[in-house]
Amino acid sequence: MKYIKRLVGFAIISMVMGVCAVAALYFYIKPDLPSVEVLKDVRLQTPMKVYTQDGKLISQFGVKRRIPLELDEVPEQLVHAILATEDSRFFEHPGIDPVGVMRAVVNLVLTGEKGQGGSTLTMQLARGFFLSREKTFLRKFKEAFIAWHIERVLTKEEILTLYINKVELGHRAFGFGAAAQVYYGKDIKELNLAQIATLAGLPKAPSTMNPISRPQRSVMRRRVVLSRMLSEGYISEQEYLTAAQEPVTAERHGAEIELDAPYLANLIYEEMIALYGKEEAETGGYNVYATVPSKMQIAARDAVIANLHDYDERHGYRGPIAQLWKMPESEPVKTEGTEMSDDVSDTSDSKASSNLDDPSWNEEQMLQYLSDKTEYDPLVPAIVTQVYEQAVTVLDKFGEYHYISWDGLAWARPFISDNKQGKDPQLASDIVSAGAYVWIRPASWKGATEQEWQLSQFPEVSGALVAIDPNNGAVRAIVGGYSFYQSQFNRATQAKRQVGSNIKPFLYSAALENGYTLASVINDAPINQWDRSSGNAWRPQNSPPVYDGPIRMRIALGKSKNVVSVRLLRAVGIDNAREHMRHFGFELADLPRDESLSLGTASLTPLQVATGFSVIANGGYSVQPHFIERIEGQFGEFVWQANPSTACPECVAGNNLTAQLEPAIENVPHPSENASNPIPPQAERVISEQNAFLVGEMMHSAITGGGSSRNKTYWRGTGWRANTLLNRKDIAGKTGTTNDARDTWFSGFGPGLVATSWVGFDDMNRELGRTSRNKYLFNRVSELTKRSPNIIGNAMVGGEDGARVAQPAWIRFMDVALADKEEASKHIPEGIVTVRIDRTTGKLTNRIDHTSRFEYFIAGTEPQAFVEEHEIIDPVGESETEPAAAEEIF
């Protein structure tokens, strides 16, 4: 009994000393312990997601991938797997499990090693939020004390939910929701038992036990999880055996991108960083909704890609990227012309050059070579395996063979220079030989099936297209180049290029402010001005160099007469014109202070140009372009909603758009809860409604032309292709071409939409050149051009200009964007009057035949003098009375 008493006393003293030691240790490290109160309002680091206006995911930004889950969204089997593997007594202990602690102590005594046993889910959560993974006794004590505090602050359900969403699971996946997407590309509820067990085994060592990096170790860990679930009674013996034998099905998955729009996504990303800072933007879990509908973005992307391929193909084929082998009887493949940039070419590939004299490769060799080659949608890298008389067979990087018929090859006459092409090919061997490493893409010609492919190449020319809502500046589509993955330079917002004749509508607007009218007659005749300072004569010319003599202002803009623009600039004054152009959002620094301004030497981005034309389209109001419609939090809660200055506030009451981001206001209801949204602020008027209407009328004529072919008064505007193909009377536009066709433009608008298309080389010194006739391309037209073949696309010949190069993309885009919009009737603003004028002189006339027409004027500016009989010019030499209805003789 004496020894028993001593033993009990020793135990009591030891216990008291132990408690005192723990208490002393607690108070010693207490100042270093973080406050767990933050866990009550914890916000998980969740990446930012960017969506189109209609909710299609276009990008995700942030290092940590996370898909937050509520506990009721988590499959019961996953909860069981976590508890069985990590903490089977989770709902019984107070954050520290004495049984687990004793097990860890015994393991330490027996092995001398510090194992990981004894950590509860709460302790793991404490380590994940506040501590590191270093294995020290001090860290373990801190972990225990923090866990005890957490259990005092949060319920067991809240702790389990945080763990499920916080735990690191490898490959930048944090939480089981993200892990299900990263490893299996599925929603967490779609996983089977084997996949659930695999994920549940990851917290122990996510980098060395994950099924992508270490599939065999993941299988072993999965069996451990399944055996624990079996022993805890969560699954049956049969479920265990079935799941344990399942093959590894994991592979790396990205976010489920529904629409690829990287130029748009990057713009929004930069704007979010400017607003919130990089760390907050990338980890705050924001869901950002763009102003861009997916339908318009797809239309813009497809239009730019098709247009660049059209230009590129009519200028010829630059040859294969590389020749991987040569057959003894094959002729060398000529690769005339300029070489492609390093990021889309493998012409220096050492493997290719070292195998030129080898026999043809087998399929495994070809696929190995293609495995690391990047595809740029729609271009796919491939190798020519067989050459027939007028066809070839290719193997693409995905292991699929494609038979390319003559329809997919015949376009490929040799490229010699930007201005010269070789002879049309007669045989497939004139184009490629077996062993050629090439680009291919799905067939684009009219009537092609989904299974047909064609030979292609990466376009060296660049392009951009931007469309905005003129009423509020909301961007509706934006494409900054052929491929963001080849070049991140956004030509729609970053490339300041000379605008050519796209400047003329703004100059004509200034002329209207200075006493000119649509009926004003200006002399379209050559200008020859001596410049004493340079010792040279300045001779601006029309393009083409055709001069009509005295010409009305409406026709001058429609035909884009250069010398008329020079004369108008002289009449208005350079300073007055530049100051007027500021109303359209242009900076004075971008507008040269000399007469070259009239010919478009100003350098602007496509977005700036589209914004300027919005003033004309919306009746004279200045709007600011913007890309974000609304921002929501990670659980869909309201954060911010746009409310832009608007040209017509009463037309868009409740529209969720704005030009500038502002901090969210507390207690503002979610948009879906708003019964009626406030009317947005009125945009600033910068030109009169009448001025905007008249400029729009001239731009309308640039597409529709005017007059009558029967009476020989018909004339055609530079944008006539849009009239032929779109067949709408509610569109207006303007071409633009700079000297030597280094930059080409087409800008215009229809109901509720302004769009600008630009095409040129990134090398500003390179001209777009000219093309000769290709008999194969002349017979191959697209679905759009079947309405009027060969007026758009790769069949055009001659010098390149805005109408031939930039306008086709605009037409293709507008064809889709306006497809569901009824043709709008013409709105004539107050203060506009119509009078009948003589077509030649612009004076009043009493005649109602083909020598006259009705014209619009701002009240008080209409002509006062009548045309004299001797001034009337009758193209047919006699009077032929036309219908008197205004709409028929305008």
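Structure first, text after, so check above.
Sequence order as written defines residue numbering, which begins from 1 separately in each chain. Confidence filtering applies because this is a predicted model: local features only for residues at pLDDT of at least 70, side-chain atom pairs given and counted only at 80 or more, and all residues used for totals across whole chains, interfaces and linings. With hydrogens and water stripped out, all remaining heavy atoms of the structure feed into the side-chain values.

## Overview of the overall build of the protein chain
Where helices and strands are cited, they refer to DSSP runs of H or I of at least four residues and of E of at least two residues respectively, numbered from the N terminus. Scanning the protein chain for helices and strands turns up 25 helices and 30 strands. Only protein chains enter the accessibility calculation, which uses a 1.4 Å probe; a residue is then buried when its area is under 20% of its type maximum, exposed when over 50%, and partly exposed in between. Relative to its full complement of 890 residues, the protein chain shows a buried share of 54%. The contact definition used throughout considers only heavy atoms, calling two residues in contact when any of these lie within 4.5 Å. For the protein chain, the proportion of contacts with a sequence separation of at least 24, taken over those separated by at least 6, is 70%. Accessible surface, the protein chain as shown: approximately 39,800 Å² in total, 51% of it carbon and sulfur. The Shrake-Rupley method, run with a 1.4 Å probe sphere, supplies the accessible areas, and residue values consider only the shown protein chains as cover.

## Observations regarding helix α15 (residues 363-370)
Of all the residues in α15, the buried ones are Met-366, Tyr-369 and Leu-370. Burial along α15 is one-sided: seen end-on, the buried residues are contained in an arc of 95°. In this structure, α15 carries Glu-364 and Gln-368 as exposed residues pointing more than 90 degrees from its buried face. The residue sitting at the N-terminus of α15 and contributing the capping side-chain oxygen is Asn-362; that oxygen lies 3.1 Å from the backbone nitrogen of Glu-364. The arc in question is formed by the directions pointing from the helix axis toward the C-beta atoms. Here a polar contact is taken to be a pair of N or O atoms separated by no more than 3.5 Å, where protein atoms must pair a possible hydrogen donor with a possible acceptor and residues adjacent in sequence count only if both atoms sit in side chains.

## What to know about the environment of Thr-291
Positionally, Thr-291 belongs in the loop between β3 (287-290) and α13 (294-314). Note: C-alpha distance between Thr-291 and Asp-54 (237 residues apart in sequence) is 8.9 Å.

## Describing unusual backbone geometry
Leave glycine aside and you will find that most residues have negative phi; peptide bonds, for their part, are mostly trans. The amide bond that connects Asp-377 to the next residue, Pro-378, takes the cis arrangement and shows omega of 10°. Ser-543 connects to Pro-544 through a cis peptide bond whose omega is 0°. As for its placement among the helices and strands, Pro-544 is situated in the loop between β17 (536-538) and β18 (549-552). Of note in the backbone geometry, Lys-712 takes a positive phi value of approximately 60° without being a glycine. As for its placement among the helices and strands, Lys-712 is situated in the loop between α21 (689-704) and α22 (720-726). Residue classification places Lys-712 among the exposed positions, given a relative accessible area of 60%. The backbone of Asp-740 sits at a positive phi, close to 60°, despite the residue not being glycine. Among the secondary structure elements, Asp-740 is positioned in the loop between β24 (732-737) and β25 (743-750).

## Observations concerning empty space enclosed by the protein
Note on definitions: the grid is 1 Å and covers protein atoms alone; a cavity is a set of points where a 1.4 Å probe fits but cannot get out; a pocket is an open set with protein on both sides within 12 Å along at least five of seven lines; lining residues have an atom within 4 Å of a point. Grid points are joined across faces, edges and corners, and a volume is the space filled by probe spheres set on the points. Taken as a whole, this structure holds two cavities of 30 Å³ or more when the rule is applied. Each pocket or cavity is described by its volume, and for the largest cavity that value is around 80 Å³. Forming the walls of the largest cavity are 13 residues, and the residues nearest its centre are Tyr-184, Thr-198, Arg-222, Pro-247 and Val-248. At the level of secondary structure, the elements contributing two or more residues to the lining of the largest cavity comprise α8 (193-200) and α9 (215-231). Forming the walls of the second largest cavity are Tyr-311, Asp-312, His-315, Gly-316, Arg-318, Phe-415, Asp-418, Glu-460, Phe-761 and Arg-766.

## Digging into the sheet that holds strand β21 (residues 628-632)
At least two bridges found by DSSP between two strands are what make those strands a pair. Pairing in this open sheet of five strands is mixed, and the strands run β2-β1-β3-β21-β22 from one edge to the other. Of all the strands in the sheet, just β2 (57-61) and β22 (638-641) have a single pairing partner and so form its edges. Mean inter-strand twist for the sheet, computed between neighbouring axes without regard to direction, equals 20°. Sheet analysis places strand β1 (residues 48-51) next to β3, joined by three bridges and oriented parallel. Across the sheet, Lys-49 pairs through a bridge with Asn-287, a residue of β3. Fitted lines through C-alpha atoms give the axes, limited to the stretch in contact for helices. The angle between two N-to-C directions lies from 0 to 180 degrees.

## A word on the environment of Glu-871
Within the element layout of this structure, Glu-871 appears in the loop between β30 (852-858) and α25 (886-889). On the basis of relative accessible area, Glu-871 is assigned to the partly exposed category, the value being 23%. Placed 33 residues apart in sequence, Glu-871 and Asp-838 show a C-alpha to C-alpha distance of 9.2 Å. At 2.8 Å, the side chain of Glu-871 and the backbone nitrogen of Glu-868 are in polar contact.

## Things to note about a negative patch on the surface
The grouping of Glu-70, Asp-72, Glu-73, Asp-187, Glu-190, Glu-256 and Glu-258 at the surface amounts to a negative patch. Within the secondary structure, Glu-73 is located in the loop between β2 and α2 (76-86). Accessibility expressed as a relative area gives 31% for Glu-73, which makes it partly exposed. Exposure above 30% relative accessible area and no salt bridge define the residues that can form patches, which grow by joining like charges within 9 Å and nonpolar side chains of Val, Leu, Ile, Met, Phe, Trp and Tyr within 5 Å. For this document, the term salt bridge refers to a Lys or Arg side-chain nitrogen within 4 Å of an Asp or Glu carboxyl oxygen. Asp and Glu count as negative and Lys and Arg as positive, but His and the ends of the chain are not part of the count. Lys charges are placed at NZ, Arg charges at CZ, Asp charges at CG and Glu charges at CD.

## Observations concerning the packing of aromatic side chains
Here is the rule: rings of Phe, Tyr and Trp (six-membered ring for Trp) pair when centre to centre is within 6.5 Å. Planes less than 30 degrees apart are stacked, more than 60 are edge-to-face, and the remainder are tilted. By the definition in use, this model includes 21 aromatic pairs. Plain terms: the ring middles of Phe-61 and Tyr-269 are 4.3 Å apart, the flat faces sit at 15° to each other, and that makes the pair stacked. Taken together, the positions of Phe-61 in strand β2 and Tyr-269 in helix α11 (residues 262-276) put the pair 208 residues apart, joining distant regions of the chain. Taken individually, Phe-61 and Tyr-269 each receive the classification buried, so the pair is uniform in this respect. Three or more aromatic residues link up through ring pairs in this structure, and these residues are Trp-325, Trp-361, Tyr-369 and Tyr-437. Geometrically, a charge over a ring is one whose NZ (Lys) or CZ (Arg) sits within 6 Å of the ring centre while staying within 35 degrees of the ring normal. Against the face of Tyr-289 rests Arg-630, its NZ or CZ located 3.8 Å from the ring centre. Lying across the ring of Phe-854, Arg-836 places its NZ or CZ 4.4 Å from the centre.

## A few points about the pairing of strand β10 (residues 436-442)
The buried count for β10 comes to six of seven residues, which makes it a mostly enclosed element. In this structure, strand β4 (residues 322-323) lies alongside β10, joined through two bridges in antiparallel fashion. Following the sheet pairing, Ala-322 is matched in β10 by Tyr-437. Summarising the sheet, strand β5 (residues 380-387) and β10 pair through four bridges and their orientation is antiparallel. Each bridged residue has a counterpart across the sheet, and for Val-380 the counterpart in β10 is Ile-440. With four bridges joining them, β10 and strand β11 (residues 453-456) adopt antiparallel strand pairing. Within the sheet, the bridge partner assigned to Ile-440 lies in β11 and is Leu-455.

## Remarks on the nonpolar core
Nonpolar side chains in soluble globular proteins tend to end up buried together. Counting 78 residues, the largest nonpolar core has Leu-264, Ile-268 and Met-272 as the members making the most contacts within it. Those residues in contact with Leu-264, other than ones at most four positions away along the chain, are Ile-58, Ala-290, Val-292, Gln-297, Ile-478 and Phe-627. One finds Ile-305, Ile-383, Leu-465 and Leu-818 within the second-largest nonpolar core, a separate group that totals 51 residues. Definition used in this section: a nonpolar core is a set of buried Ala, Val, Leu, Ile, Met, Phe, Trp, Tyr and Cys residues joined via side-chain atoms within 4.5 Å.

## Observations regarding the side chain of Asn-542
By the secondary structure assignment, Asn-542 is in the loop between β17 and β18. According to the relative accessible area criterion, Asn-542 is buried, its value standing at 4%. In this structure the side chain of Asn-542 is engaged in a polar contact, spanning 2.9 Å, whose partner is the backbone oxygen of Val-546. Of the polar contacts made by the side chain of Asn-542, one reaches the backbone nitrogen of Val-563; its length is 3.2 Å.

## What to know about the pattern of salt bridges
Overall, the coordinates contain 38 salt bridges when judged by the stated rule. Here Glu-697 ties to Arg-554 by a salt bridge, and the two come within 3.0 Å at their closest N and O atoms. Of the two residues, Glu-697 is situated in helix α21 and Arg-554 in helix α17 (residues 553-558); the sequence distance between them amounts to 143 residues. The pair formed by Glu-697 and Arg-554 is uniform in burial state, with each residue classed as buried. Between Arg-742 and Glu-767 there is a salt bridge, with its nearest N and O atoms 3.8 Å apart. Highlighted residues: Arg-742 in the loop between β24 and β25 and Glu-767 in the loop between β26 (753-760) and β27 (770-771), separated in sequence by 25 residues.

## Details of the pairing of β5
Bridging between β5 and strand β6 (residues 392-396) involves five bridges; their strand directions are antiparallel. When the sheet's bridge partners are listed, Gln-386 is paired in β6 with Thr-393. The turn linking β5 back onto β6 is made up of four residues.

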